[in-house]
Amino acid sequence: MAKFRFNLETLLEQRARVEEAKQRDLAAIERERLDVERQILETQRAIADQKRDLRGALAPADGAPRAVDFQSVRLQSHASLHAVATLQRLALKLAGVHQRAERARAELLRATADRKAVELLRTRRYEAWLREEAKKEAAAVEDMVNARAARERGAGEEAA
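These remarks concern the structure in this document.

Parameters at a glance
- Residues numbered from 1 in each chain as written.
- Predicted model: local features only at pLDDT ≥ 70, side-chain atom pairs only at ≥ 80, totals over all residues.
- Heavy atoms only, no water.
- Helix = DSSP H or I, 4+ residues; strand = E, 2+ residues; numbered from the N terminus.
- Rg over C-alpha atoms; globule rule 2.2 N^0.38 Å.
- Buried < 20%, exposed > 50% of the residue type's maximum accessible area, 1.4 Å probe, protein only.
- Contact = heavy atoms within 4.5 Å.
- Areas by Shrake-Rupley, 256 points an atom, 1.4 Å probe, with all protein chains shown as cover.
- Lys, Arg positive; Asp, Glu negative; His and termini not counted.
- Charge placed at Lys NZ, Arg CZ, Asp CG, Glu CD.
- Salt bridge = Lys/Arg side-chain N within 4 Å of Asp/Glu carboxyl O.
- Phe/Tyr/Trp six-rings, centres within 6.5 Å; stacked < 30°, edge-to-face > 60°.
- Core = buried A, V, L, I, M, F, W, Y, C linked by side-chain atoms within 4.5 Å.
- Polar contact = N/O pair within 3.5 Å; in protein donor to acceptor, adjacent residues only side chain to side chain.
- Patch = residues over 30% accessible without salt bridge, like charges linked within 9 Å, V, L, I, M, F, W, Y side chains within 5 Å.

### Details of the overall build of the protein chain
- For the protein chain, the helix and strand inventory stands at two helices and zero strands.
- For 160 residues, the compact-globule formula gives about 15 Å, and the C-alpha radius of gyration of the protein chain, at 38 Å, lies well above that figure.
- When the backbone C-alpha atoms are referred to their principal axes, the protein chain occupies close to 135 × 30 × 15 Å.
- Buried residues in the protein chain amount to 18% of all 160 residues.
- Excluding contacts between residues fewer than 6 apart, the proportion of contacts in the protein chain whose partners are at least 24 apart in sequence is 88%.
- By element, 56% of the accessible surface of the protein chain is carried by carbon and sulfur atoms, the whole surface being about 12,000 Å².
- With 32 positive and 27 negative side-chain charges, the protein chain shows a spacing of 6 Å between the two charge centroids.

In structure tokens, the structure reads:
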């Protein structure tokens, strides 16, 4: 039996490579998203800690009156404001990462569709090739049967 050859196999391999590259791009963006989200969580924890420390500096836990160190309170509030600004910057960065991820997903979807289109073409051509091979085989079997029948008739006529 002959072997099936798909003349667009190189194109299919190229489209599979493009799809894999798009998958790697999306994975890199997802890693970046996770990193930014981790930074946001750390910054939120730091803000919560700073607020707790500031409350502790302004109102002692034991309720006893004491002098407030305004220098440390001022530094603490500045650190808290800086952390809030960092959090806002990270939120904007996360929004940009989400937009890039959506574009990367769309590109991956297109690359997958392109690859699947060539795979579908290969499947259809393979099925057509199988049908053609089956026709050839049936014709060859029919030729052998006819040749055998002709030989048997020829041998039967010689004997008679």
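### Some remarks on the pattern of salt bridges
- In the structure shown here, the tally under the stated rule is 14 salt bridges.
- Residue Glu 32 pairs with Arg 100 through a salt bridge whose shortest N-O separation is 2.4 Å. Of this pair, Glu 32 sits in helix H1 (residues 9-58) while Arg 100 sits in helix H2 (residues 70-159), placing them 68 residues apart in sequence.
- Each member of the salt-bridge network shares a partner with another, and the members are Glu 30, Arg 33, Glu 37, Glu 102 and Arg 105.

### Some details on the packing of aromatic side chains
- Evaluated as defined, the whole model comprises three aromatic pairs.
- Relative to Trp 129, the ring of Tyr 126 lies with its centre 5.8 Å away and its plane at 25°, an arrangement referred to as stacked. With a gap of three residues between them, Tyr 126 and Trp 129 both fall in helix H2, about one helical turn apart.
- You can call Trp 129 buried: its relative accessible area is 18%.
- Taken together, the ring pairs connect Phe 4, Tyr 126 and Trp 129 into an aromatic cluster.

### Re the environment of Phe 6
- As for its placement among the helices and strands, Phe 6 is situated in the segment before H1.
- Setting aside chain neighbours within four positions, we find Phe 6 in contact with Val 118, Leu 121, Arg 122 and Arg 125.

### Describing the nonpolar core
- Among the nonpolar cores identified, the biggest contains six residues, and these are Leu 26, Ile 29, Val 97, Ala 101, Ala 104 and Leu 108.
- When residues of this core are traced back to their parent elements, those giving at least two are H1 and H2.
- Top element by residues in this core is H2. It accounts for four residues.
- Leaving out residues up to four positions away in the same chain, Ala 104 has contacts with Leu 26 and Ile 29.

### Side note on the environment of Thr 43
- With respect to the helices and strands, Thr 43 occurs in helix H1.
- Exposure remark for Thr 43: the relative accessible area of 12% places this residue in the buried category.
- Along the chain, Thr 43 and Ser 80 lie 37 residues apart, while their C-alpha atoms are 9.9 Å from each other.
- Other than its neighbours up to four places away in sequence, Thr 43 contacts Ala 83, Thr 86, Leu 87 and Leu 90.
- Only 2.8 Å separates the side chain of Thr 43 from the backbone oxygen of Gln 39, close enough to count as a polar contact.

### Observations regarding the side chain of Arg 33
- On the secondary structure map, Arg 33 appears in helix H1.
- What Arg 33 contacts, discounting residues up to four positions off in sequence, is Leu 94, Val 97 and His 98.

### Topic: a nonpolar patch on the surface
- On the surface, a nonpolar cluster with roughly 290 Å² of combined accessible area is contributed by Val 141, Met 144 and Val 145.
- Here Val 145 shows up in helix H2.
- Residue Val 145 is classed as exposed on the basis of its relative accessible area, which comes to 52%.

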